[in-house]
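Single-letter residue listing:
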Amino acid sequence: MHIGHFIEQELTKQRLSVADVAKELNKSETAVRKDLKKDALHQSVIDGYSRALNINIYELLAQELKELNITSPKGIMEVAAEPSEEYKKTIRKGKSNGESISVTIQVPASKKAELLNLLTS
């Protein structure tokens, strides 16, 4: 899910302008427009948009995942593992540059073992 597009859709639904939201967030209109182009935003930024739009963005995103019938951790990981269009453009068939990446995932302690099993399978 592209979070910027999601927020932009909410602006349209609520008939709010970028200027309205920028004023509420104490940001420039340019900064808000840049946020709307991003496919990922920091949690504190999402919290700000939730307050400005008077919605719970996390709850709405969770509902979207439910509507996609993604209920298992495996299903969620499959969606999360889909490379973005931008990344797909940089992949060259049969070549690997051997770069390492790191990812931080926060999960409840009760789901830790299940996630580790999924990642190592």
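In this text the structure is predicted, and so the values were computed from the model without any measurement. (Residues numbered from 1 in each chain as written. Predicted model: local features only at pLDDT ≥ 70, side-chain atom pairs only at ≥ 80, totals over all residues. Heavy atoms only, no water.)

## Some remarks on the overall build of the protein
1) Next: Regarding its fold elements, the protein presents 8 helices and 0 strands.
2) Next: The order of helices and strands in the protein, counted from the N terminus, is α-α-α-α-α-α-α-α.
3) Next: In the protein, which comprises 121 residues, the share counted as buried stands at 21%.
4) Next: Put simply, 62% of the contacts in the protein that link residues at least 6 apart link residues at least 24 apart. (Helix = DSSP H or I, 4+ residues; strand = E, 2+ residues; numbered from the N terminus. Buried < 20%, exposed > 50% of the residue type's maximum accessible area, 1.4 Å probe, protein only. Contact = heavy atoms within 4.5 Å.)

## Describing the environment of H42
1) Next: On the secondary structure map, H42 appears in the loop between α3 (29-37) and α4 (43-53).
2) Next: With a relative accessible area of 57%, H42 lands in the exposed category.
3) Next: At 3.0 Å, the side chain of H42 forms a polar contact with the side chain of S44. (Polar contact = N/O pair within 3.5 Å; in protein donor to acceptor, adjacent residues only side chain to side chain.)

## Some remarks on the pattern of salt bridges
1) Next: Taken as a whole and assessed by the stated rule, the structure comprises 4 salt bridges.
2) Next: A salt bridge links R33 to E29, with the nearest nitrogen and oxygen atoms 3.5 Å apart. One end of the pair is R33 and the other is E29, both in helix α3 and 4 residues apart, which spans about a single turn.
3) Next: Through salt bridges that share partners, K27, D35 and K38 make up one connected network. (Salt bridge = Lys/Arg side-chain N within 4 Å of Asp/Glu carboxyl O.)

## Describing α4
1) Next: I46, G48, Y49, S50, A52 and L53 are the residues of α4 that are buried.
2) Next: Residues of α4 that are buried make contact with α1 (3-13), α2 (18-25), α3 and α5 (57-67).

## Considering the environment of K38
1) Next: When you line up the elements, K38 lands in the loop between α3 and α4.
2) Next: We classify K38 as partly exposed; its relative accessible area is 40%.
3) Next: Separated by 33 residues in sequence, K38 and H5 place their C-alpha atoms 8.1 Å apart.
4) Next: Setting aside anything within four residues of it in sequence, one finds K38 in contact with H2, I3 and G4.

## Things to note about the nonpolar core
1) Next: Counting 18 residues, the largest nonpolar core has I3, I7, V21, Y49 and I57 as the members making the most contacts within it.
2) Next: Of all the secondary structure elements, the ones that give two or more residues to this core are α1, α2, α3, α4 and α5. (Core = buried A, V, L, I, M, F, W, Y, C linked by side-chain atoms within 4.5 Å.)

## Let's talk about the side chain of E10
1) Next: Within the secondary structure layout, E10 lies in helix α1.
2) Next: Classification of E10 as buried rests on a relative accessible area of 7%.

## A short note on the confidence of the model for the protein
1) Next: Averaged over every residue, the pLDDT of the protein is 77; residues scoring 70 or more account for 68%.
2) Next: Of all helices and strands in the protein, the one with the weakest mean pLDDT is helix α7 (residues 85-90) (48), whereas α3 scores best (93).
3) Next: This stretch, residues 86-92, has a pLDDT under 50; its non-local contacts, to residues over four places away or in other chains, come to 1 contact. (pLDDT = per-residue confidence, 0-100.)

## Quick word on the environment of A22
1) Next: Locating A22 in the fold gives a position in helix α2.
2) Next: The buried category is assigned to A22, whose relative accessible area is 3%.
3) Next: With 10 residues separating them in the primary sequence, A22 and V32 have C-alpha atoms 6.1 Å apart.
4) Next: Every residue in contact with A22, bar those within four places of it in the chain, is listed here: K27, S28, E29 and V32.

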